[in-house]
Amino acid sequence: MTSRSLRITSATQGRLRRLNLVTSLPPLIVVAVVLVTIDTHAWWHVLILVPGVVAALVSFERWTANDLARVVKPCLLVAGAVWPLGALVSGSPSSWWAMSSVASLALPRLPRWRGLAVAGVLAYIAAVGSLRLLIEPDDTLLPYVILPTGLSAVVFALSFAGERFYDVVQELEQSKEREAELAVIRERVRFAGDLHDIQGHTLHVVKLKAALAGKLVHADPDRAAAELREIHALVGDTIEKTKELAYAQRRLNLSAELENAKNLFEAAGIRARITREAEVDSRASELLGQVLRETTTNILRHAQATEVRVTLTAEGITIANDGARGDVLPELRGLSVLRRRLADEGGELTVAQKDGQFVTAAAYNPTARP
């Protein structure tokens with residue numbers, strides 16, 4: 001017979017083990033002592049009954065440790081032998097108790113055929129009790145057949161119901177594991193997004209400046225050298241920002257992002273007009289800074305823009321640019337992620353494209369956070 005074990009953490013298993021040992025083991029010992037005392041009519045009766053008690057207590061102790069499978073077979077054999085010896089040799093009507101106790105712990109953990117196993121154990125208990133009728137026909141049906149079989153059925157039913165509690169514990173443990181895995185995945189996605197924000201638009205500007213320097217290296221060496229110095233500065237700044245991100249020290253600052261976006265646009269030959277009508281709080285500054293950075297990267301990568309207008313108000317930020325291709329919105333995965341972030345914080349991000357204009361608008365209202 002094989003039995004399944006609960007898939008729970010060692011910490012939870014330890015707490016359940018202590019709880020069961022403290023609340024259930026003392027009553028179990030008391031019941032065992034009382035039954036042995038009642039059924040013992042000669043000293044050698046103890047030799048028959050005590051092994052069953054030991055088998056039941058060992059099974060329970062291993063069950064609390066989630067290690068019943070290792071001892072269940074010998075314990076069942078011992079308890080199964082005690083019942084016929086007690087019923088037919090020593091005349092102990094309560095000797096079925098050990099068999100019922102061990103089986104009630106083992107049967108709910110079976111991977112399959114549990115109903116058939118319950119029926120088999122009940123049939124065995126009833127069959128052994130019925131043999132007592134051959135020895136002592138009078139007044140033995142109730143104590144040796146009806147009570148052992150009926151009470152065992154009740155014990156099995158309660159044990160199956162109690163096992164549902166441990167299934168719930170296992171489901172909760174698995175839910176905690178999934179939550180932890182999702183938290184790790186969300187953090188990795190956030191890190192990847194931030195890394196994309198830091199390096200994506202800078203690399204595009206470096207590409208443009210490198211191409212420009214290549215064209216000017218002979219026609220205007222001084223201008224080419226200036227472009228190369230700017231490339232060097234941009235790469236150095238990106239390295240520092242990446243280090244800050246890796247060590248969780250980076251916090252977006254909207255003012256710095258506005259200035260950085262303006263410099264990047266101008267470096268790419270795009271006119272940038274920034275209007276600041278109001279200031280926003282630190283949380284809004286970080287979220288709106290992410291929107292501005294992602295939009296800047298998209299403009300540099302996907303649009304043939306000649307002009308960008310950035311407007312910051314108390315309600316949020318709007319970035320509008322020309323040079324959009326067609327009237328069909330492109331797939332912008334970075335903005336989709338930011339839309340979900342803003343929605344989680346009570347904000348809203350919308351994009352629109354028409355007549356060559358692309359508008360990204362982010363509204364942030366912390367009081368509306370769900």
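In what follows, the structure referred to is the one given above.
Sequence order sets the numbering: in each chain, residues are counted from 1 along the sequence as written. Local features are withheld for residues below a pLDDT of 70 in this predicted model, meaning they are given only at 70 or higher, and side-chain atom pairs are given and counted only at 80 or more; totals for whole chains, interfaces and linings count all residues. Values shown for side chains rest on all heavy atoms present in the structure; no hydrogens or waters enter the calculation.

(A) Representation of the environment of His41. What counts as a helix is a DSSP run of H or I of at least four residues, what counts as a strand is a run of E of at least two, and both are numbered from the N terminus. Its location among the elements puts His41 in the loop between helix 2 (25-39) and helix 3 (43-64). For the pair His41 and Gly91, spaced 50 residues apart in sequence, the C-alpha separation works out to 8.9 Å.

(B) Structural context of the pairing of strand 2 (residues 307-312). Only one face of strand 2 is buried: it carries Val308, Val310 and Leu312, and the other face, with Glu307, Arg309 and Thr311, is open. Pairing geometry for strand 1 (residues 271-276) and strand 2, over 6 bridges, is parallel. Within strand 2, the position partnered with Thr275 by the bridge is Thr311. Convention used here: a crossover is right-handed provided that the path from the first strand, over the helix, to the second strand proceeds clockwise when the strands point away from the viewer. Taking the sense of rotation as the criterion, the β-α-β connection linking strand 1, helix 10 (residues 282-302) and strand 2 turns out left-handed. Bridge count between strand 2 and strand 3 (residues 316-321): 5 bridges; the pairing is antiparallel. Burial classes follow relative accessibility: with a 1.4 Å probe on protein chains only, a residue under 20% of its type's maximum area counts as buried, one over 50% as exposed, and anything between as partly exposed. One requirement defines pairing of two strands: DSSP has to find at least two bridges between them.

(C) Broad picture of the nonpolar core. By size, the foremost hydrophobic cluster in this structure holds 36 residues, and its most contacted members are Leu68, Trp83, Trp97, Leu107, Val121 and Phe156. Put simply, the parts of the chain that give this core at least two residues each are helix 2, helix 3, helix 4 (72-90), helix 5 (96-106), helix 6 (114-135) and helix 7 (141-219). At 8 residues, helix 5 tops the list of elements feeding residues into this core. We define the nonpolar core as a collection of buried residues of types Ala, Val, Leu, Ile, Met, Phe, Trp, Tyr and Cys that are connected through side-chain atoms lying within 4.5 Å of one another. Core analysis: the second largest hydrophobic core is formed by 30 residues, Ala261, Phe265, Val308 and Ala362 among them.

(D) Geometry of a nonpolar patch on the surface. A contiguous nonpolar surface patch, about 570 Å² in accessible area, is contributed by Trp43, Trp44, Leu47, Leu85 and Val89. Take the nonpolar patch: its biggest share by element is 3 residues, from helix 3. Within the secondary structure, Leu47 is located in helix 3. Surface patches are drawn from residues lacking salt bridges whose relative accessible area is over 30%; two like charges belong together within 9 Å, two nonpolar side chains (Val, Leu, Ile, Met, Phe, Trp, Tyr) within 5 Å. The Shrake-Rupley method, run with a 1.4 Å probe, gives the accessible areas here. Residue values count only the displayed protein chains as cover. When a carboxyl oxygen of Asp or Glu lies within 4 Å of a side-chain nitrogen of Lys or Arg, that pair is called a salt bridge.

(E) Quick look at the pattern of salt bridges. Applying the stated rule across the entire model yields 11 salt bridges. Residue Arg62 pairs with Asp67 through a salt bridge whose shortest N-O separation is 2.9 Å. We classify Asp67 as partly exposed; its relative accessible area is 22%. For Glu227, the salt bridge goes to Arg223, with nearest N and O atoms at 3.2 Å. With a gap of 4 residues between them, Glu227 and Arg223 both fall in helix 8 (residues 221-246), about one helical turn apart. Look at Glu227 and you get buried, because its relative accessible area is 5%. A single network of salt bridges, built from pairs that share partners, joins Glu61, Arg62, Asp67 and Arg70.

By themselves, these are just geometric observations and shouldn't be taken as functional.
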